[in-house]
Amino acid sequence: MEEWKPNPPVKPHKKRSWYLAWKYKLMNQRALRKLCQTGAVLFLLVTVIVNIKLILDTRRAAYEEEEESAQDYDDEMLNVEVPRHPVNKKVLDVEVYSSRSKVYVAVDGTTVLEDEAREQGRGIHVIVLNQATGHVMAKRVFDTYSPHEDEAMVLFLNMVARGRILIFTIKDEGSFHLKETAKNVLKSLGSQVAPFLSWRDMWTFVGKKGGEVYGEKHAKSPALSTWGDPVLLKTEVHLTSVEDAECHWPDTELNRRRKRFCSKVEGYGSVCSCKDPTPIEFNPDPLKDNKVFDVPVAVIAGNRPNYLYRMLRSLLSAQGVNPQMITVFIDGYYEEPMDVVELFGLSGIQHTPISIKNARVSQHYKASLTATFNLFPDAKFAVVLEEDLDISVDFFSFLSQSIHLLEEDESLYCISAWNDQGYEHTAEDPSLLYRVETMPGLGWVLRKSLYKDELEPKWPTPEKLWDWDMWMRMPEQRKGRECIIPDISRSYHFGIVGLNMNGYFHEAYFKKHKFNTVPNVQLKNVESLRKDNYETEIHRLLGEAEVLDHSKNPCEDSFVPDTEGRVYVMFIRMEQEADFTTWSQLAKCLHIWDLDVRGNHKGLWRLFRKKNHFLVVGVPASPYSSKKPSSVTPIYMEPPAKEEGAVAVPAVAAAEQT
Amino acid sequence: MQKINRNVVLALLSLTSLVFLLFQLCYYKFYLSQKNGAAFSKVRGSQSGQDSTRWHVVRKFLGLISSHNIPVYLIDPLILGLVDKDIEQIRSSPDGPSPECKYFCAPRDFTTFALLDKTWKHDVGLFRTAEKMGFQWLKIINKDPRLDGMDDLSGMEIPLHYIFKLASHAIHLVVFYERSGNFLWHGPLRLKQHMDRKFVPFRKLHFGRYPGAYEKPELLLVSIDDLKVQIPKNPSSFLEEMSHSRFLECRYREARAFFQLYPDDASVDAVEFRKKAKSLLHLAALTLNNLGVKFWLSSGTCLGWYRQCNVIPHSKDVDLGIFIRDYKADIIPAFQKAGLPLKHKFGKVEDSLELSFQGEDDVKLDIFFFYEEDDHIWNGGTQAKSGKKFKYLFPKFTLCWTEFVELKVHVPCETLQYVEANYGPEWKVPVKTWDWKSSPSNVQDNGVWPIDEWDNVIQIY
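Keep in mind it's a predicted model, so treat the numbers as computed, not measured.

**Thoughts on the overall build of chain A**
For step 1, the next point in the chain: Helix and strand content of chain A: 17 helices and 24 strands.
For step 2, the next point in the chain: Expressed as a percentage of its 658 residues, the buried residues of chain A come to 53%.
For step 3, the next point in the chain: When contacts within chain A are restricted to residue pairs at least 6 apart in sequence, those whose partners lie at least 24 apart make up 71%.
For step 4, the next point in the chain: As displayed, chain A has an accessible area near 31,600 Å², and 55% of this comes from carbon and sulfur atoms.

**Description of the overall build of chain B**
For step 1, the next point in the chain: A tally of regular secondary structure across chain B gives 12 helices and 21 strands.
For step 2, the next point in the chain: A compact globule built from 461 residues should have a C-alpha radius of gyration of about 23 Å, whereas chain B, at 29 Å, is more than 25% larger.
For step 3, the next point in the chain: The principal-axis extent of the C-alpha atoms belonging to chain B is close to 100 × 65 × 50 Å.
For step 4, the next point in the chain: Across the 461 residues in chain B, those meeting the buried criterion constitute 52%.
For step 5, the next point in the chain: Of the contacts formed within chain B by residues at least 6 apart in sequence, a portion of 69% connects residues at least 24 apart.
For step 6, the next point in the chain: Summed over its atoms, the accessible surface of chain B is roughly 21,400 Å², and 55% of this surface lies on carbon and sulfur atoms.

**Remarks on the side chain of threonine 461 of chain A**
All names here are of chain A.
For step 1, the next point in the chain: Checked against the element boundaries, threonine 461 lands in the loop between helix 11 (448-455) and helix 12 (468-473).
For step 2, the next point in the chain: A residue is classified by how much of its surface remains accessible, and threonine 461, at 18% relative accessible area, is buried.
For step 3, the next point in the chain: A polar contact of 2.8 Å, which involves the side chain of threonine 461, links it to the side chain of glutamate 463.

**Notes on the packing of aromatic side chains**
For step 1, the next point in the chain: The full count for this structure, using the stated rule, is 60 aromatic pairs over all chains.
For step 2, the next point in the chain: Ring geometry for tryptophan 583 of chain A and tryptophan 605 of chain A: centres 4.1 Å apart, planes at 10°, overall stacked. Residue tryptophan 583 of chain A is located in helix 16 (residues 581-589), and its partner tryptophan 605 of chain A is located in strand 23 (residues 604-609); the two are separated by 22 residues in the primary sequence. Tryptophan 605 of chain A matches tryptophan 583 of chain A in its accessibility class, with the two residues each being buried.
For step 3, the next point in the chain: Ring geometry for phenylalanine 370 of chain B against phenylalanine 397 of chain B: centres 6.3 Å apart, planes inclined by 85°, an arrangement best described as edge-to-face. A residue pair is termed long-range when its members are at least 10 positions apart, and phenylalanine 370 of chain B in strand 15 (residues 364-372) and phenylalanine 397 of chain B in the loop between strand 17 (388-394) and strand 18 (399-404) qualify at 27 residues. Here phenylalanine 370 of chain B matches phenylalanine 397 of chain B in class, with each residue buried.
For step 4, the next point in the chain: Ring-pair connections join several aromatic residues into one group, and the members of that group are Phe61, Phe113, Trp120, Phe127, Phe135, Trp137, Tyr162 and Phe164 of chain B.
For step 5, the next point in the chain: Of note, arginine 246 of chain B hangs over the ring of tyrosine 210 of chain B, and the distance from its end group to the ring centre comes to 4.0 Å.
For step 6, the next point in the chain: Taking NZ or CZ as reference, lysine 316 of chain B lies 5.1 Å from the ring centre of phenylalanine 273 of chain B, over its face.

**A few points about the UniProt feature "domain: LicD/FKTN/FKRP nucleotidyltransferase" (unreviewed entry) in chain B**
For step 1, the next point in the chain: As annotated in UniProt, the feature "domain: LicD/FKTN/FKRP nucleotidyltransferase" (unreviewed entry) corresponds to residues 292-329 of chain B in the numbering used here.
For step 2, the next point in the chain: Helix makes up 26% of residues 292-329 of chain B and strand 24%. Its end C-alpha atoms lie 12 Å apart.

**Quick word on the domain arrangement of chain A**
All names here are of chain A.
For step 1, the next point in the chain: Per the domain assignment, the segments of chain A are domain 1 (91-244), domain 2 (297-526) and domain 3 (530-627).
For step 2, the next point in the chain: A straight line from the C-alpha centre of domain 2 to that of domain 3 covers 27 Å.
For step 3, the next point in the chain: Residue-level contacts link 29 residues of domain 2 with 24 residues of domain 3.
For step 4, the next point in the chain: For the pairing of domain 2 and domain 3, the buried interface totals around 2,300 Å² over both sides, and the portion due to carbon and sulfur atoms is 54%.
For step 5, the next point in the chain: When the buried area of domain 2 at its contact with domain 3 is split by residue, Gln421, Arg435 and Tyr509 rank highest and sum to 25% of it.
For step 6, the next point in the chain: One salt bridge connects arginine 598 with aspartate 420, and the closest N-O pair in it is separated by 2.9 Å.
For step 7, the next point in the chain: Joining domain 2 to domain 3, the criterion identifies 13 residue pairs in polar contact (both at pLDDT 80 or more).
For step 8, the next point in the chain: If you list the elements that add at least two residues to the side of domain 2 that touches domain 3, you get helix 10 (395-408), strand 16 (433-436), helix 12 and helix 14 (503-509).
For step 9, the next point in the chain: The greatest single-element share of the side of domain 2 that touches domain 3, amounting to 4 residues, is contributed by strand 16.

**Considerations on the sheet that holds strand 8 (residues 213-219) of chain A**
Residue and element names in this part refer to chain A.
For step 1, the next point in the chain: One open sheet holds the 5 strands; their spatial order is 5-4-6-7-8, and the pairing between them is antiparallel. Strands with a single pairing partner mark the edges of an open sheet, and in this sheet they are strand 5 (136-142) and strand 8. Taking the axes of each pair of neighbouring strands and ignoring which way they run, one obtains an average angle of 10° across the sheet.
For step 2, the next point in the chain: Judged from the 6 bridges that link them, strand 4 (residues 123-129) and strand 5 form a sheet pairing that is antiparallel.

**Structural notes on the packing of helix 9 (residues 357-375) of chain A against helix 11 of chain A**
Residues and elements named next belong to chain A.
For step 1, the next point in the chain: Their axes nearest at 11 Å, the elements helix 9 and helix 11 cross at an angle of 120°. Taken as axis vectors, helix 9 and helix 11 run oblique relative to one another. With respect to the hand of their crossing, helix 9 and helix 11 are arranged in left-handed fashion. Facing helix 9, whose interface residues are Lys366, Leu369, Thr370 and Phe373, helix 11 presents Lys448, Tyr451 and Lys452.
For step 2, the next point in the chain: Looking at side-chain class alone, the contact of helix 9 with helix 11 contains 3 nonpolar, 1 polar and 3 charged residues.

**A short note on unusual backbone geometry**
For step 1, the next point in the chain: Residue proline 620 of chain A is reached from valine 619 of chain A by a cis peptide bond, and omega for that bond is 5°.
For step 2, the next point in the chain: Secondary-structure assignment places proline 620 of chain A in strand 24 (residues 612-620).
For step 3, the next point in the chain: In this structure, lysine 479 of chain A takes a positive phi of about 50° despite not being glycine.
For step 4, the next point in the chain: You can see lysine 479 of chain A is positioned in the loop between helix 13 (475-478) and strand 18 (482-486).
For step 5, the next point in the chain: Take lysine 479 of chain A: its relative accessible area is 51%, and that puts it in the exposed class.
For step 6, the next point in the chain: Even without being a glycine, aspartate 362 of chain B presents a positive backbone phi close to 75°.
For step 7, the next point in the chain: Counting through the fold element by element, aspartate 362 of chain B comes out in the loop between strand 14 (351-358) and strand 15.

Criteria and cut-off values
Residues numbered from 1 in each chain as written. Chains lettered and ligands numbered in written order. Predicted model: local features only at pLDDT ≥ 70, side-chain atom pairs only at ≥ 80, totals over all residues. Heavy atoms only, no water. Helix = DSSP H or I, 4+ residues; strand = E, 2+ residues; numbered from the N terminus. Buried < 20%, exposed > 50% of the residue type's maximum accessible area, 1.4 Å probe, protein only. Contact = heavy atoms within 4.5 Å. Areas by Shrake-Rupley, 256 points an atom, 1.4 Å probe, with all protein chains shown as cover. Rg over C-alpha atoms; globule rule 2.2 N^0.38 Å. Polar contact = N/O pair within 3.5 Å; in protein donor to acceptor, adjacent residues only side chain to side chain. Phe/Tyr/Trp six-rings, centres within 6.5 Å; stacked < 30°, edge-to-face > 60°. Lys NZ or Arg CZ within 6 Å of the ring centre and 35° of its normal. UniProt positions renumbered as here; feature names shortened; annotations may be inferred. Domains from an automatic or database assignment. Buried area = accessible area lost by both parts, 1.4 Å probe. Salt bridge = Lys/Arg side-chain N within 4 Å of Asp/Glu carboxyl O. Pairing = 2+ DSSP bridges. Axes fitted to C-alpha atoms, helices over the stretch in contact; angles between N-to-C directions. Parallel < 35°, antiparallel > 145°, perpendicular 65-115°, else oblique. Left-handed = near helix turned anticlockwise from the far one by under 90°. Nonpolar A, V, L, I, M, F, W, Y, C, P; charged D, E, K, R; others polar.

Rendered as structure tokens:
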């Protein structure tokens, strides 16, 4: 170290002298030096030990962490492959086929539509693709061979946002009822063939709404009895950027939901309008003293997303609605209904379908009701709705005013928002309630104890092809209990496609149903709906009722005098409790529900005619027969001839589940 | 020269090692305080900074949730433990300022709060505000067990846990859900693949290793360390409840598979029996819970739960197990008061005790008392006419909560071993004829009761 001092500046010099002094001292004190050496060695040792401990600790901790992530806190589905997003392609290959018996559409080799079923899918098939992603946003078929379907198609095409890619193809026949308006709409989309489409022509068309045409092919039918040759259109569609395909709404939570929805599906009109989108949050007035705020609402749905959309809009607009209590139960793993549910920020549950037809519906009801009471274990009731109902603005107000009856009156089976006999011409008073021996459904309240103790344990099993509502109406289940219904229904059944439903049937029995639109209706005399009070009330009513002229024809309008606000009574023949011969005929000529007996209470029916309360008593089966003046002979109406009866039977079956 | 060299080398080495050692010590302390501050509290030098951090984080969190009107309550076992010691004082002075930070400054990694799901609206605004306040947060979602059942339903995943992290402290918010059976449930904490495994030391969380079941707690608003917070009214009983709160779901998927193989009996008799068995079980649970006697589903009832998530319709009775250490003389009068007369009593408290009560129409409630040995647990059986004794052996087990026929009840956590011990490896196959003396695979002859004891150990009413 001594040689290590070539240019000695001041500081090292000082240091050096300090070092030398120290060294000198050490030299002289061997013992001390030894001590220092030992100390140094000890230091070294300690360092080593600490080091080793540190390494061990770190490793242990790291190991623990690994173990933790490996064992306790990992989700079981660790090995699920995350689906890779497809590489953003700029061009889509589209193939469209049109023929008499088969249509198909393939996008980039994936078949998005294939229909070769016989006797089905006739008309113009329309597919809407997202112009940025190429995803299918809507799939429709309009049977333009039949009347009015072209109007529906025009409505649909108008709702599709600009810029979307539209694909058209005809199966079998699509021109018979394709009117000028519809042809013009197709022409405005860029089709050159559409205005000249004729009987049994084959046609395919791909274009962008409000933009370019990607291709069109047409094959003319040579003769009335033959079809045009199959056509196959192959074309390319250029995708735009995602930015261009979206609207630029302000960035709020609501609009994020809207954006998600609008980029996936089409055909919901103004909800996806860029300029002035219709609201998806409604904030109706809250109800004062709302007794049903905490009652869960189960919406039973299938795959009718447009219906569900309409239904949820009306439900969420009803005063006193509590969106947190709403659960939508979808029978099947359909995406679009779920998209609708998410659009409104509600919770939706999908159910793996069990069994077929009516039994499938019935199993879906059971699963939904069970889940509802599991999700809301505190609830004493559940409101049960279906996806094809409009809900009155005062639906919850109606329930809030009446629900205590269901809690206190053991003789009640349900409260229903639907009056089977409440048509435009037979219902009048929004504040009036009835007790009826039938279970109308279509928006009703179920008591938890009834479900858990009675219905759930013996609910029809999947192999029984029963309708849940028919089953609930059976005496073994109903046990003589009654339902409370309003005179004017608080729900409206708008569904015209369904398991037991078609346009004609809907037109005849549902279209003219009265639906309350008045908010905050104060119900009249709710206490009189209790079991014993109701009898007093009926006797009072019958006491003041004027007996109609039984010599006239009850089907004639003149049967009821041209008055308003009076109470009239008529007596019909009803030999025993189950004799509804005359009633059915009367119901038929009054144009009310006549497919089975609904709305009766101990042989008494209550409705309105010409704004007068109109009571019908079945004599002698009804206990109210005693009110009949001895001079009056109950009216008897002949049942129709046998063959007509035979026709009526399938109609009843079809009407049961509505 | 050489000597000097050696000395210099030594001195230099010592110096470096000294520096190194210091560095190591610092690092070690830092590392440990981050890892588990509590365990190594002796190396805490100036901890006051850390302490007040915890308090501040809790205060900020409470501010956050109260600004969104979300009612949470404190369930942190560490703090509740400290609070419980001073509970009288805290209760009596709900508003008094506290002189020192005694509870929320205690060393720990987390502070745990509970949130009742139905009391908040899943408002996303909460998380925006949290981020603005500097919190990092993590949400753990999973499937909703309330949708599990014989029907195959799938809904949106529900939030089970939230973790809010600020500085070196984290808040663990456990979401509780109401279940049918009138109890609260919280889910397990499971990280999904993409989640940050190092977000917090998950292993040290007090909740989340298993799902748990709790009674609905009564809450008390108190002020501790100058923070207003809701706590369970009785912290010690909450802590006791927490120590064995583990919850098992019924195996619905397996039950569905079972019913595929052996379709359910939907006859009127089966429906009726199930209804009676359910109400008997509800009555028995009410009676035993009122006495504070812990019981579990045993034998056929346990098999029914495990195999088919329901009462076995042909089982004809309801079976419960009770540890003999929990035996109370009040049991018999309590059941009689509840309208269930004693049908027979076999054995005695010291040996092979078994009680049987008569429920509505032939449905019988059997209560077997279990005796714990070093390596197994057993219960006894007695044949009335011969005085023969039997012994049923089970491997040791602990108790878990489950939900059965809308009731929160105990079952052995090690259910499979329990059921297999009782019914053998073929337990999955329904057997309609069952002889309790020979059919169980764990039965052993256990001698005969001495004749002079018969009056006492074989009582039939």
